[in-house]
Amino acid sequence: MATTTGVNSDLAKERNNSTFDVEELSNFIYRGPEKVKRRRYLHNLATKDPFFRKFKPWAFQTREEQYEICLQKHLYINKKCKELNLTEPVDKFFYTEAAAPHENSPIGLHTVMFIPTIEKQGTEEQKKRWLPLAESLKMIGTYAQTEMGHGTFIRGLETTATYDPRTREFILNSPTITSMKYWPGNLGKTTNHCLVMAQLYTQGKNCGIHMFMVQIRDLETHMPLAGIEVGDIGPKFGYGTNDNGFLRLSNVRIPRENMLMRYSKVLEDGTYVKPPNAKIAYGSMVLVRAAIVTDAARALAQACVISIRYSAVRRQTEVSPGGEEAQIIDYQTQQYRLFPLLATSYAMYFAGRFMYDFYLKTTAEIEGGNLDSMPQLHAISAGLKAFSSWMCSAGVETCRLCCGGHGYSHASGLPKIYIDVVPGCTYEGENNVMMLQVARFLMKMYGKLQNGEALPTFMQYMSTDLNKKSCMTEEVALNCLVMAYEHRAARMIRDAAASMEKLVQSGKSPVEAWNGSTVMLTWAAIAHCHAFVTKLFVETVVKSRMDSKVQSALTSLCKLYAVHGIVENLGGFIQDQFFDSKQVKILQKKLMQLLAEIRPNAVAFVDAFDYPDEVLQSCLGRYDGQVYQALYDYAKSSPMNEKEVLDSYYKYIKPAQNGKYQQYSKL
Ligand SMILES: CCCCCCCCCCCCCCCCCCCCCC(=O)SCCNC(=O)CCNC(=O)[C@H](O)C(C)(C)COP(=O)(O)OP(=O)(O)OC[C@H]1O[C@@H](n2cnc3c(N)ncnc32)[C@H](O)[C@@H]1OP(=O)(O)O
Ligand SMILES: Cc1cc2nc3c(=O)[nH]c(=O)nc-3n(C[C@H](O)[C@H](O)[C@H](O)COP(=O)(O)OP(=O)(O)OC[C@H]3O[C@@H](n4cnc5c(N)ncnc54)[C@H](O)[C@@H]3O)c2cc1C
C-alpha cells in the first residue's frame, strides 16, 4: 500500500540499493562539483522566484495565454539575467530551463539567432550600431529565412534584394506567394526587425543568398511599416508560446549599410565582393544545430527521469497468484524499452558536451581566418543534430508509452517535452536532408581514402579491413563493440559509393547516380553517426577520471547502449558475416544480463541528472514518488471542475435527454 506523505517507500528502497553515490555521477555529468553547485544555484533562483509561480499551469492555458504568459516570463528572465550578470550562455540556459521549462520563448529567436548572426556576420560598425539596441530590446529581431515554398533548398529562396546604386539602397520584394517568409519564430507579432535571407541582385547579376537587416514595425506604435504584411501563421502541433510568422515585402527600401557585410560586400557603385567561403553565411544554422544536440539530450533525460521514477512506484499485476503486485520496472519488457533510452540520454549528453567544445574551438579558428575545419564542423553538427533529435524524440514518445494511461495526460509532463523536442527533427535542416549532407562529406572522405590521402582522425576508421571478422567474445569488450560500429559504417560507406559508381558505369550522370543511391547514403550517414556517438561514449567512460563505482556503473550503461544498438540493427552487422551466429547469441544474452545489471541503479542514474520537480513539472516524475496524490490534485485543479454542473449540461445534454434537438437544426 503506497503511503501518501514522505518519500514513497519503493522509491526510497531504490535509492538505498544503488551501487554508487549519485552526487559523484552528477559531478561527472556536469563537469565538476563547482558546476553542479552553480547549476543548482541557478535552478533555485528560478524555481524559488514567486514571479514564475503566479501563472496557471501551461496545459490549462489557451494559445493566446501561452504566448502572453511565456512572453512575460521571458522578458522577466531577460531582466533577471542582466541584474544577476548572467552572461555565459550555459548560465542563461540553466536559469531559463528552470524558469520556463519547455516553453519556447517568444523572444527566443532574438537571443539564439538574431543577436549571434549580427555578432558573427556583421561588420564592426554594424555590431556597434545594432547590438546595444538589440541587447536593450529596442530592436527585437528574428531570423527570417524559410519561405512558404522553400525551407530546405535555401539557394532556391525567392525573396529578392536588388541594389539601387542611385539611392544606395536595396529594394526588397516577395515576388510570389511562395516567396513570402513563413515559419520564422517570433516573426508574427513580437519582432520589429528581422534578418531576411534574400537573393542579392546587383549590376544586373544574381549573387546568391545574403542577409539583410529589415525593420518591419514602427518602433513606437509597433504597426507594420509601409510595404510590409506580417502576421502569425496560426496554431501548430506545439510551440503555442511562439508566434511563428509570415512576411510579405513589397518594394521595401533599406540602406546599403543594412546588408550584413563582414564577409560579402556590395560597394557603393554596386560592385559585389565575394566572401572567402560562400557557406560562411550559413554559420548561424550551424550554431543552433550544435545547440540542438544538448537540447535533445536534455529532453530525453527528463523523460527518463519521469518514466523510470514512475516505473519504480507503479505496481501492476500480481506475479504469482495472490502475491504482491510487481513494480512495473521489474518487467523485463519495461526494462528493455526504458534502460536503452536511459543509456541513450547519457550518450547524447556526452555528444552534446563534445559538440559544444568542438563548436567553440572550430568557430574560434574560423574567426581567426582559418576556414579549414568548416566542412568537418558542418558534417559533425548536421549529423549529430539529426541523430540526436531523431533518437531523443522517438525516445521521449517511448517513455510516454511506458507510463501507460497516465503518460497520455499532460499531468505526466511528457507531452509538453515531446512537442518541444520533436520539431528539432525538422527545423534547422530537415533530418534526412542533414544526413545527406553528412553522406556528401563521407563520399568525399571515401574518395580521399581511395587516393591514399590523409583523413581527419574521426574518419580514419574507414580504412579498416572489411574482410576482418569481429573480435567479440563472451566478455563483450568495449573495444570490440566500437569496432563493430566502425566496421558497419565503413562497409555501408563503401556500399553506397559502389552503388553510385555502378550507376555511373551504367550511363547515369553523377547527379542521377546520387539520387539513385540516397537511401543507401542515408544508411551510411546514420551508421557513421551511430559509430561516432558510441565511440565518444566509450572514450568518455574509459578515459575520464571519475569515482570508481560511478565508472563501473556507467560502463555497464555504455555497454548497454552499444549492445542494444547492435541487437536492434542486426541486419547491418551480419550482412557480411562480421558477426557469426554464436556471437549474435552472446550479444543477445549480454543484453538481458545488462538490463538486470542496470536495474538496481536505474533510479540513481536518473536522479543524477538532478532535475528539480519544478523543472520536470510532472505528477509521475516527482522526487518523492507521491504520484497518486499528485494526479488527484491535478485533476481537481482542472478548470473543467470549477463548476459542479457546466453550462453545457443545461444547453445541450438536458434538452437532448428531453428529446429536444431543435438547437442543432438552427445551426
Ligand atoms: C554551441 C552549443 C551551445 C549550447 C549552450 C547552451 C545554448 C542555449 C541554446 C538553447 C537551445 C537551442 C535549441 C532550440 C531553439 C531552436 C529554435 C528554433 C530555431 C529554428 C530556426 C530555423 O529553422 S532557421 C532555418 C534553418 N534552415 C535550414 O537549416 C535549411 C537547411 N538547408 C541548408 O542548410 C542548405 O540548403 C543545405 C541543405 C546545407 C544545402 O546547401 P547548398 O545547396 O548551399 O549546398 P550544397 O548541398 O550544394 O553543398 C555545397 C557545399 O557546401 C557545403 N556546406 C553546406 N552547408 C554548409 C555549412 N553550413 N558549413 C560548411 N559547409 C557547408 C556542403 O558540404 C558542400 O560541400 P562540398 O561541395 O565540399 O561537398
Ligand atoms: C517549430 C518551427 C520553427 C521554425 N523556425 C524557423 C525560423 O525561426 N526561421 C526560419 O527561417 N525557419 C524556421 N522554421 C522552418 C524550418 O527551418 C524548415 O521547415 C526546415 O528547414 C525544413 O524545410 P521545409 O519545411 O522546406 O521542408 P521540406 O524540404 O519541404 O521537407 C519535406 C520533405 O521533403 C524532403 N526533402 C526535401 N528536400 C530534399 C532533398 N534534397 N533530398 C531528400 N529529401 C528532401 C524532406 O526530407 C522532408 O521529408 C521553423 C520550423 C518549425 C517547424
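The protein chain has the name Acyl-coenzyme A oxidase in an unreviewed UniProt entry, where Magallana gigas is given as its organism. Regarding the protein chain, the UniProt comment filed under Sequence similarities (unreviewed entry) reads as follows: "Belongs to the acyl-CoA oxidase family." Recorded in UniProt for the protein chain, the comment headed Pathway (unreviewed entry) runs: "Lipid metabolism; peroxisomal fatty acid beta-oxidation."

J.: Just to check I follow, could you spell out the overall build of the protein chain for this structure?
T.: Looking only at helices and strands, the protein chain features 25 helices and 13 strands. Relative to a compact globule of 667 residues, whose C-alpha radius of gyration would be 26 Å, the protein chain shows 27 Å and is just as compact. Long-range pairs, those at least 24 residues apart, make up 74% of the contacts in the protein chain between residues at least 6 apart in sequence. Surface accessibility of the protein chain: about 30,300 Å² in total, with carbon and sulfur atoms responsible for 55%. Charged side chains of the protein chain number 76 positive and 67 negative; the gap between the two group centres comes to 2 Å.

J.: Quick question: what am I supposed to make of the packing of aromatic side chains here?
T.: Each aromatic ring pair is characterised by the separation of its centres together with the angle its planes make. Across all of its chains, the model carries 29 aromatic pairs by this definition. Pairing tyrosine 30 with tyrosine 349 gives two aromatic rings, centres 6.0 Å apart and planes at 90°, and the pair type is edge-to-face. Of this pair, tyrosine 30 sits in the loop between helix H2 (22-29) and helix H3 (33-47) while tyrosine 349 is found in helix H10 (residues 332-367), placing the two residues 319 residues apart along the sequence. There is no split in this pair, since tyrosine 30 and tyrosine 349 are both buried.

J.: Would you mind showing me how to read the nonpolar core here?
T.: Looking at soluble globular proteins, one finds that nonpolar side chains tend to be buried together. Within the largest apolar cluster, 156 residues are counted, with the highest numbers of intra-cluster contacts made by Ile308, Tyr346, Leu554 and Phe605. With 16 residues, helix H9 (residues 283-313) is the single largest residue contributor to this core. When near neighbours in sequence (up to four residues on either side) are disregarded, leucine 554 contacts Leu25, Phe28, Tyr346, Phe350, Val541, Met546 and Phe605. Grouped together as the second largest cluster of nonpolar side chains are 23 residues, Ala161, Leu187, Ile228 and Met259 included.

J.: I tried to follow the site of ligand 1 on my own but got confused; where do I start?
T.: Close contacts around ligand 1 come from 28 residues, with Arg155, Lys279, Tyr282, Arg440 and Lys444 the closest. Between ligand 1 and the protein, one listed contact pairs an oxygen atom with a side-chain N or O atom of lysine 279 at 2.7 Å. Here an oxygen atom of ligand 1 and a side-chain polar atom of lysine 444 are 2.5 Å apart. In isolation ligand 1 offers 1,500 Å² of accessible surface; the protein chains occlude 82% of this area. Listing elements by their share of the shell around ligand 1, those giving two or more residues are H9, H10, helix H11 (374-401) and helix H14 (431-450). For the shell around ligand 1, the element with the highest residue contribution is H9, accounting for six residues.

J.: Would you take a moment to explain the side chain of glutamine 121 for this structure?
T.: By the secondary structure assignment, glutamine 121 is in helix H7 (residues 108-121). Note on glutamine 121: relative accessible area 8%, which makes it buried.

J.: Can you help me understand the pattern of salt bridges in this one?
T.: Any two side chains of opposite charge can pair, so long as their charged atoms come close to each other. Evaluation of the coordinates by the stated rule reveals 41 salt bridges. Between glutamate 97 and arginine 39 there is a salt bridge; the shortest N-O distance is 3.8 Å. Of this pair, glutamate 97 sits in helix H6 (residues 89-99) while arginine 39 sits in helix H3, placing them 58 residues apart in sequence. Here glutamate 65 ties to lysine 56 by a salt bridge, and the two come within 3.1 Å at their closest N and O atoms. Judged by its relative accessible area of 26%, glutamate 65 is partly exposed. Here lysine 56 falls in the partly exposed class, since its relative accessible area comes to 39%. Among the charged side chains, a salt-bridge network with shared partners connects Glu23, Arg39, Arg40, Glu97, Asp295, Arg298 and Asp610.

Cut-offs and rules
- Residues numbered from 1 in each chain as written.
- Chains lettered and ligands numbered in written order.
- Predicted model: local features only at pLDDT ≥ 70, side-chain atom pairs only at ≥ 80, totals over all residues.
- Heavy atoms only, no water.
- UniProt positions renumbered as here; feature names shortened; annotations may be inferred.
- Helix = DSSP H or I, 4+ residues; strand = E, 2+ residues; numbered from the N terminus.
- Rg over C-alpha atoms; globule rule 2.2 N^0.38 Å.
- Contact = heavy atoms within 4.5 Å.
- Areas by Shrake-Rupley, 256 points an atom, 1.4 Å probe, with all protein chains shown as cover.
- Lys, Arg positive; Asp, Glu negative; His and termini not counted.
- Charge placed at Lys NZ, Arg CZ, Asp CG, Glu CD.
- Phe/Tyr/Trp six-rings, centres within 6.5 Å; stacked < 30°, edge-to-face > 60°.
- Buried < 20%, exposed > 50% of the residue type's maximum accessible area, 1.4 Å probe, protein only.
- Core = buried A, V, L, I, M, F, W, Y, C linked by side-chain atoms within 4.5 Å.
- Near = heavy atom within 4 Å.
- Polar contact = N/O pair within 3.5 Å; in protein donor to acceptor, adjacent residues only side chain to side chain.
- Salt bridge = Lys/Arg side-chain N within 4 Å of Asp/Glu carboxyl O.

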